[in-house]
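Fold and geometry: a report
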Amino acid sequence: MKQLLPIFLLIVVLAAGPSGRAETDAEVQARKTALDLAGAFTNDGFKTRDGHWCGTVKPNDHALVAVNLYAGNEYWFSAGAAEPSTKIAVNVYDENGNQVPTDTHNAGDKAAAGFSPANSGQYFVSIDLLEGQAGSFCLVYSYK
Amino acid sequence: MICSMRLSVISLAGVIFAATSAESGRLPTDQLEKAVRSDSISIPTPAELFAALEKPAKTNWSSQYRGPMPMTYRNRAQIALNLGGLIADGFIAVEAKDSQQVKNIGSDIIKLAKALGVSESLLTRGNSINEFAEHNEWDTLNEELEATQNEVKASMQSHSDQDLVILVSVGGWIRGTQVVTGVIMQNYDERSAKVLRQPALVKLMQSKVNEISPELRNEPLVKVVSQELTDIEKLVSFPPGKVPTVDEVRKVNEAVGKVMQKIESKTTAK
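Residues numbered from 1 in each chain as written. Chains lettered and ligands numbered in written order. Predicted model: local features only at pLDDT ≥ 70, side-chain atom pairs only at ≥ 80, totals over all residues. Heavy atoms only, no water.

**Points about helix H4 (residues 46-54) of chain B**
Across the nine residues of H4(B), eight count as buried, placing the element largely inside the fold. Structurally, H4(B) contributes buried residues whose contacts are with strand S4 (75-81) and strand S9 (135-143) of chain A together with helix H5 (76-95), helix H8 (138-158), helix H9 (162-186) and helix H10 (190-193) of chain B. (Buried < 20%, exposed > 50% of the residue type's maximum accessible area, 1.4 Å probe, protein only. Helix = DSSP H or I, 4+ residues; strand = E, 2+ residues; numbered from the N terminus. Contact = heavy atoms within 4.5 Å.)

**Looking at the state of the cysteines**
All names here are of chain A. Tallying each qualifying case throughout the model produces one disulfide over all chains. Here Cys54 is linked by a disulfide to Cys138, with a sulfur-sulfur distance of 2.3 Å. In this structure the cystine formed by Cys54 and Cys138 twists about its S-S bond by roughly -65°; its chirality is therefore left-handed. On the criterion of sequence distance, the pair formed by Cys54 in strand S2 (residues 53-57) and Cys138 in strand S9 is long-range, its members being 84 residues apart. Residue Cys138 is classed as buried on the basis of its relative accessible area, which comes to 0%. (Disulfide = S-S within 2.5 Å.)

**Description of the sheet that holds strand S5 (residues 85-93) of chain A**
Strand pairing in a sheet takes place through backbone hydrogen bonds and is either antiparallel or parallel in direction. All names here are of chain A. Read across the open sheet, the three strands follow the order S3-S8-S5; overall the sheet is antiparallel. With one partner strand each, in any of the chains shown, strand S3 (62-69) and S5 form the two edges of the open sheet. Sheet twist, expressed as the average angle between the axes of neighbouring strands with direction ignored, equals 25°. Direction of pairing for S5 relative to strand S8 (residues 121-132): antiparallel, over a ladder of eight bridges. Among the inter-strand pairings, Lys87 is bridged to a residue of S8, identified as Glu131. (Pairing = 2+ DSSP bridges. Axes fitted to C-alpha atoms, helices over the stretch in contact; angles between N-to-C directions.)

**Considerations on the environment of B:Asp247**
With respect to the secondary-structure elements, B:Asp247 resides in helix H14 (residues 246-264). For B:Asp247, a relative accessible area of 40% corresponds to the partly exposed category.

**Concerning the confidence of the model for chain B**
Residues and elements named next belong to chain B. A residue-level look at chain B finds 89% of positions with pLDDT of 70 or above and a mean pLDDT of 86. Mean pLDDT across the elements of chain B ranges from a minimum in helix H1 (residues 2-15), with 39, to a maximum in H14, with 96. For residues 1-23, every residue scores under 50 in pLDDT, and the model assigns this stretch 40 contacts once sequence neighbours within four places are set aside. Listed scores for the predicted complex are pTM 0.83 and ipTM 0.83. (pLDDT = per-residue confidence, 0-100.)

Below, the structure is given as structure tokens:
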């Protein structure tokens, strides 16, 4: 039970996280999906950051967030979507907008991209809606 | 609920597969400029910085401890900046696996947070930090410190102290960078030095500081921090692939050390 306490605390804190606005039920669902996926990477020693980014994405469009990463760390960016969005993908771009090769995991309403940056600095993570209608998504990331 | 979450994590781990994406696309500059930049995901935590630093060689974290600091600041901006620095100190103590130091810092974090009038529920966090430190649960302590930082920020937002949130992040980054540059100078390693390239991060923090209310922005300490961030941005703007030299690391260390001194000083703020 004690081992599960941090997970429980994480959920409680995320529910009250400093997002600046109330989240919709769909965003909460999308965040749960993203956290479920990120949880898989903890088996490999990744720590999930206690922060997230939720929003909406339209068909054939993407949502983009800037992140600042450190060379030497490995990262996984995990995203979850809520209905009516049914298939998403996660892609990473460097500070000049060039797509970065990543390991990927795509499974319908959840997707992840992982890589080890050669240089520290700013990167961009995009959430692409591949199938379904405009809907909510949530992104979390893990590092080790 | 927790059981089902655990099951789902395990099943995901079982079916996960990895493929490699091809490098195929490019995003235009105007899209990059419009990208969302938020405190909760665009500004890394001290723990991420320390994780990268520790890869090449064992780090002597306890050599970076600092002496006790005043707990009687009256200026809210100064309290927020110092709170961020203290949280970074907490991560250092966790890296050093020093349970007494974690407990001392945890207690100081709660004192400063209470001075800002943040939620009483933080007291529970303080108890958790003590308990985890008592049982040497270092990974959990990292999560707990991060959660504490977020709870402080969430509480600030709910008390209409949104402007103080970025100051907590700035204080944490400055103290974290002071420690990291100190460690690199002690035992220079090119792989460690690469973590210092962060021009966009410093620019982001400075732009967020510039967005806060004019009243707070015009406070002497906030003005000093903002001006110093401009100089620090230049010092951490290495071209991609360029490894900072020992001398360049020293310059960053001196610059962040100077700001940290002003943040700690009881005479800087009104």
